[in-house]
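# Secondary and tertiary structure notes
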Amino acid sequence: MATNKGRTSSFSRNFSAAPTSSILGLKYGPNGTIFLSSGVPDLDKILGGGFHLGSLVMIMEDTEAPHHMLLLRNFMSQGLVHNQPILYASPSTNPRAFLGTLPTTLVSKDDRSHNADAEQKDLRIAWQYKKYLGENKPHIEERDGKVEYCNEFDLRKPIEKHLIMGNRVECISLLDCSSLAGFRDSCSKFLSQLPRYDGNITSAGRIAIQSLCAPQCEYFDKDWDMLSFIRSLKSMVRSSNAVAFLTFPASLVSPSVSKRWQHLADTLLSVKAIPDEDKELANLLTGYQDMLGLLSVHKVARFNTQVPVILDATTYSIKLQKRRSLVLECLNQAPVDGSSGSSYGTSGSCSGSSKTGTLDF
Amino acid sequence: MADAICRVLRDGALEGEHATSLTINDSVDSPFGPIVFDYIFTQLSSFISSGKSQSRGIVLVAFSRSPSFTVELLKSRGIDIATTHEWLRILDCYTDPLGWKERLKERGAIKTPSTEASLIVNLCKDVRNLDGLFSLIIALGKGLVGEGKSRFSVAIDSVSEMLRHTSLSSVASLLSNARSHAQISSVFWLHHFDLHDMKTNAAFEYMSSMVANVKPLATATNVLRENSENLSLLEQNYKRGQFHASLKRRNGRVRIMCEEFSIGQSLVKFTSMSARKNETAQSLVPKVQFNLQLSDKERSDRAKVVLPFEHQETEKSVQIYDGRKSETEGKYDSSTEKLQKQEDSRRGEIIYFRDSDDEMPDSDEDPDDDLDI
């Protein structure tokens, strides 16, 4: 259907069968691409719709903080809510135990409360105007019983049992793979049930790999084996209806190898820890007390186009809204009080230990 | 602050969490890692023996020092060794790590004096088999605290020694198995980080929830210089040093602490450090929106830029002020006037071309009338 507002190209795609895609949890994007939700509404917005179907997403972990687990949990929960097959691999002896820590969808009575607050403010603070303009359009497209594209997740409550039972999630322990060949075969078997044709999509799947180069794995020092595995995973995923989500601690491999890993990614994000009770950072940024960490977007996948994505900002702060759902916010510099030279940042209590379910360090 | 670390080890891990783990890093510049290890070990032992900690026993895997040393150490710190068999086990990987003495004894080549059978010491004869070592540790721990929910702690004297015999990934898998074991409440180990490459050090940091670095007080850059200052610095490094610790908190933030310590009579004393400026803030955060701060260089450059201005409503001609007094230029010359360049600095230039030289500035029209506020 051709739209008159804001054409980005001279060609307009004849979209068909939009309802089926919403059942599967997919969305059509520009240039003939299809999006899969990441499970974090803010991240979908930053990336322009979500993860491209057929792409390889990599998260560079920070060894000092487990923020990549938040993204991983949301990603997997979103897949379960949309009934998409999931393959999960991690370097623990019992990966299935992790499924119990996945969050459930947020049942929000006061929907989008932060938007409502914005409207009621009669004094608009100009230097943070971006927060109040434009983004008020709700992300939720349909609400009466139909499937939402991207859910908000409540990290304090575990997911409903019936979603993780059965064979919906295939769990593999990376400790069992002495070389990655066996793991590659499992991935290829999983992806063979999701081939890509030109016709309608019947199903879409997700592969989630946690800490691929963890030191306790036997293949840890085999750099080239790991690189060739990632390359073959990328090519398998490209020809199927799936998204591969991979996290790795970048500081554990040598810098040149880490660069090669990063180049293989279609979408590359990284998370970073922030020091606690750091007065300088508290003076520099607003909302420091609520921040858990920082998320940086290094690369955004672009399929079927040569036009790159230019983001307004590449670093966002990771916060828990009301201690339960993950939000990403732009970094804003705290206003500097001219007289004293220090900022009037919030004087609240420290965030303390916010329980976000079981975290593994 | 070192006491803060001991408290975290004492409190252990919550249900479902990995065990807290501590790496103590030292190097040849400040080789006090073993002393710090002993300090933490004795603190934790006193917590355990008095029942104040989550774990009810501790298993020490001794690679670099003999078990009798540990017993002497506990005695000297005032811990009652009569009761040690209730809460301490030592896995002796120091006496005969590769089983050579055993083999020589079998052949009758050597006669060893009868080793005193101690309740608390168990001998390990093959440290290359880390699976066996791990099951020995678990067996000793369970022997201490029994089955069920009670927990014990594990201390490894020098993981660097372990790495001599086995690969990094097997040591890493032993440590991660220890951390994920339901009955282990905390693990800590000593690591000489200058003996290993970067990947190894990064791997140990990855697996620990706390990292403690023992550093020299001030790094002497040129040791060979016959400078009395440097020598006294070096002397100081033999007795004192810095203790940096970073703790990973449950909310995902990292707490960084700094202390000084001094060694006297093989006892270590921790004192708080003079405050240092923490420079991580600026490096951590990239260019933030509305960063209106100017660096000094930017400020000075801005001061040097000369802007052209035009006089309106007066008869004066267009002037470009370039710092020289009594300069009157013609209209057309001024548009191509270049600023006087100084030899030592690069200044910004503003080359001003008027749209049309015919147009006179409208003096009666206020250009701000177009704005609709």
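Worth saying up front: this structure is predicted, and the values here are computed from it rather than measured.

### Points about helix H1 (residues 2-11) of chain B
- Residues of H1(B) that are buried include every one of Ala2(B), Ala4(B), Ile5(B), Cys6(B), Leu9(B) and Arg10(B), and no others.
- Gly12(B), located one to two residues past H1(B), shows a positive phi value of around 70°.

### Side note on the packing of aromatic side chains
- Summed over the entire model, instances satisfying the criterion amount to nine aromatic pairs over all chains.
- Ring centres of Trp189(B) and Phe204(B) lie 6.2 Å apart, and the angle between their planes is 55°; this geometry places the pair in the tilted category. One end of the pair, Trp189(B), is in strand E6 (residues 184-192); the other, Phe204(B), is in helix H9 (residues 198-207), with 15 residues separating them in the sequence. Pair check on accessibility: Trp189(B) and Phe204(B) agree, each one buried.
- An aromatic cluster of three or more residues is present, and its members are Phe51(A), Phe75(A) and Phe245(A).
- Taking the ring centre of Phe220(A) as reference, the NZ or CZ of Lys199(B) above it sits at 4.9 Å.

### Here we look at the confidence of the model for chain A
- When pLDDT is averaged along chain A, the result is 77, and 74% of the positions lie at 70 or above.
- Throughout residues 110-121 of chain A the model reports pLDDT below 50, and contacts reaching past four residues in sequence, or to other chains, amount to twelve contacts.

### Regarding the pattern of salt bridges
All names here are of chain A.
- Counted by the stated rule, this structure contains 18 salt bridges over all chains.
- Residue lysine 45 is joined to aspartate 42 by a salt bridge in which the shortest nitrogen-to-oxygen separation is 4.0 Å. On the criterion of helical spacing, the pair formed by lysine 45 and aspartate 42 is a turn pair, its members being three residues apart in helix H2 (residues 41-46).
- Since its relative accessible area comes to 41%, lysine 45 is described here as partly exposed.
- In this structure aspartate 42 comes out as buried when scored by relative accessible area, which is 18%.
- Taken together, the salt bridges that share partners define one network made up of Asp154, Arg156 and Lys157.

### Digging into unusual backbone geometry
- Even without a glycine there, the phi angle at Asn83(A) is positive, about 60°.
- Here Asn83(A) lies in the loop between helix H3 (67-81) and strand E5 (86-90).
- Given the relative accessible area of 54%, Asn83(A) is considered exposed.
- Here Ser158(B), not a glycine, exhibits a phi torsion of approximately 70°, which is positive.
- Looking at the element boundaries, Ser158(B) is found in the loop between strand E5 (151-157) and helix H7 (159-165).
- Residue classification places Ser158(B) among the buried residues on the basis of a relative accessible area of 2%.

### Focus: the sheet that holds strand E2 (residues 34-36) of chain A
Residues and elements named next belong to chain A.
- Taken in spatial order, the three strands line up as E1-E2-E3 in an open sheet, and their pairing is antiparallel. For this open sheet the edge positions go to strand E1 (26-28) and strand E3 (51-52), each flanked by a neighbour on one side alone.
- Here E2 runs beside E3; their pairing, made up of two bridges, is antiparallel. Looking across to E3, one finds that phenylalanine 35 is bridged to histidine 52.

### Structural notes on the side chain of Asp96(B)
Residue and element names in this part refer to chain B.
- Topologically, aspartate 96 is positioned in the loop between strand E3 (88-92) and helix H5 (100-106).
- Put simply, aspartate 96 is tucked away with no salt bridge, and the nearest opposite charge, on lysine 101, sits 5.9 Å away.
- A polar contact is formed between the side chain of aspartate 96 and the backbone nitrogen of tryptophan 100, at a distance of 3.1 Å.
- Beyond its immediate sequence surroundings of up to four residues, aspartate 96 is in contact with Lys101, Glu102, Cys124 and Lys125.

### Quick look at the pairing of E6(B)
All names here are of chain B.
- Most of E6 sits out of view: nine of its nine residues are buried.
- Sheet topology note: the strand E1 (residues 20-26)/E6 ladder contains seven bridges and is parallel. Within E6, the residue paired with threonine 20 across the bridge is serine 186.
- Bridge count between E5 and E6: five bridges; the pairing is parallel. Its bridge partner being in E6, valine 154 is matched across the sheet by valine 187.

Quick notes on the rules
- Residues numbered from 1 in each chain as written.
- Chains lettered and ligands numbered in written order.
- Predicted model: local features only at pLDDT ≥ 70, side-chain atom pairs only at ≥ 80, totals over all residues.
- Heavy atoms only, no water.
- Buried < 20%, exposed > 50% of the residue type's maximum accessible area, 1.4 Å probe, protein only.
- Helix = DSSP H or I, 4+ residues; strand = E, 2+ residues; numbered from the N terminus.
- Phe/Tyr/Trp six-rings, centres within 6.5 Å; stacked < 30°, edge-to-face > 60°.
- Lys NZ or Arg CZ within 6 Å of the ring centre and 35° of its normal.
- pLDDT = per-residue confidence, 0-100.
- Contact = heavy atoms within 4.5 Å.
- Salt bridge = Lys/Arg side-chain N within 4 Å of Asp/Glu carboxyl O.
- Pairing = 2+ DSSP bridges.
- Lys, Arg positive; Asp, Glu negative; His and termini not counted.
- Polar contact = N/O pair within 3.5 Å; in protein donor to acceptor, adjacent residues only side chain to side chain.

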